[in-house]
Amino acid sequence: MTQVEAGLGIGEVAERTGLSVHALRFYEREGILLAAPARRPGGRRVYTEGDVGWLNLCVVLRASGMPLPVIRRYTELARSGAGNEPERLALLREHEARVVAQIAELSRSLDLVRHKVAVYEDLIGHEPQPARAPA
C-alpha cells in the first residue's frame, strides 16, 4: 500500500484537528502546511500523521492568539529546515510574552468579575456559588 493510499482524508484530518474542511483548505492556500498534501488519482487530498501533528500545533498557536501571518512565517522557517532555529526561537519568545501579558490581563479581569459577583451576592444575600465550568 502506497503512502497516498494509506494516508488520511480531509474529513479524518478535520475530525482529528477540530478544523473544518474549509479551514483545512484555507490553511493549505495560506501556506500553513509544511508541505502540500499528496493527491489521490481523483484529486482528493491525502494527509499524513505529520500533517495532523503540525496542524494541531497550529491550532494551539492560533487559539493562543498568534496571528496567521506569524504562523505562516513560523511554517516557512520550519519548512526551510535546520539553520534558522534562533529566528524560530525569537518568534516563539515574542509570542510567549504576548500570551503572558494576555494571561495577566485576564487574571486582572477575573479578579474584578469575582469582586463584582461577591458584591451582588452580598447585596442579594445569597450564599457564594462556585464558578460554573463551561458546558
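Before reading on, note that the structure itself is shown above.
For the structure given in this document, a descriptive report is provided here. (Residues numbered from 1 in each chain as written. Predicted model: local features only at pLDDT ≥ 70, side-chain atom pairs only at ≥ 80, totals over all residues. Heavy atoms only, no water.)

## Brief notes about the environment of Tyr 27
Here Tyr 27 shows up in helix H3 (residues 21-29). Given a relative accessible area of 7%, Tyr 27 falls into the buried group. For the pair formed by Tyr 27 and Leu 110, sequence separation is 83 residues and the distance between their alpha carbons is 33 Å. With residues up to four places along the chain from it excluded, the contact list for Tyr 27 reads Leu 19, Ile 32, Leu 33, Leu 55, Cys 58, Arg 62 and Leu 68. (Helix = DSSP H or I, 4+ residues; strand = E, 2+ residues; numbered from the N terminus. Buried < 20%, exposed > 50% of the residue type's maximum accessible area, 1.4 Å probe, protein only. Contact = heavy atoms within 4.5 Å.)

## Things to note about the packing of helix H2 (residues 10-17) against H3
Where H2 meets H3, the closest approach of the two axes is 9 Å, and the angle between their N-to-C directions is 100 degrees. The angle between H2 and H3 falls in the class roughly perpendicular. Counted together, Ile 10, Val 13, Ala 14 and Thr 17 of H2 and Val 21, Leu 24 and Arg 25 of H3 form the full contact between these two elements. Broken down by class, the residue content of the contact of H2 with H3 amounts to 5 nonpolar, 1 polar and 1 charged. (Axes fitted to C-alpha atoms, helices over the stretch in contact; angles between N-to-C directions. Parallel < 35°, antiparallel > 145°, perpendicular 65-115°, else oblique. Nonpolar A, V, L, I, M, F, W, Y, C, P; charged D, E, K, R; others polar.)

## Section: the nonpolar core
Membership of the largest hydrophobic core comes to 22 residues, with the highest contact counts inside it found for Val 13, Leu 24, Tyr 27, Tyr 47, Leu 55 and Ile 71. Of all the secondary structure elements, the ones that give two or more residues to this core are H2, H3, helix H4 (49-63) and helix H5 (68-80). If sequence neighbours within four positions are ignored, Ile 71 has contacts with Ile 32, Cys 58, Leu 61, Arg 62 and Met 66. (Core = buried A, V, L, I, M, F, W, Y, C linked by side-chain atoms within 4.5 Å.)

## Quick notes on the side chain of Thr 17
Position of Thr 17 relative to the elements: it lies in helix H2. Under the relative-accessibility criterion, Thr 17 is labelled buried at 8%. Among the polar contacts made by the side chain of Thr 17, one reaches the main-chain carbonyl oxygen of Val 13 at a distance of 2.8 Å. Among the polar contacts listed, one links the side chain of Thr 17 to the backbone nitrogen of Leu 19, at a separation of 3.2 Å. Dropping the residues within four chain positions of it, Thr 17 is found in contact with Leu 24, Val 52, Leu 55, Asn 56 and Val 59. (Polar contact = N/O pair within 3.5 Å; in protein donor to acceptor, adjacent residues only side chain to side chain.)

## Considerations on the pattern of salt bridges
Enumeration over the complete set of coordinates arrives at 7 salt bridges. Close ionic contact of Glu 28 with Arg 45 constitutes a salt bridge, the shortest N to O distance being 2.5 Å. One end of the pair, Glu 28, is in helix H3; the other, Arg 45, is in strand E2 (residues 45-46), and 17 residues separate them in sequence. On the basis of relative accessible area, Arg 45 is assigned to the buried category, the value being 18%. The salt bridge partner of Glu 105 is Arg 108, with a shortest N-O separation of 2.6 Å. Taken as a pair, Glu 105 and Arg 108 lie in helix H6 (residues 85-124) at a separation of 3 residues, close to a single helical turn. One continuous salt-bridge network, built from bridges that share partners, spans Glu 28, Arg 39 and Arg 45. (Salt bridge = Lys/Arg side-chain N within 4 Å of Asp/Glu carboxyl O.)

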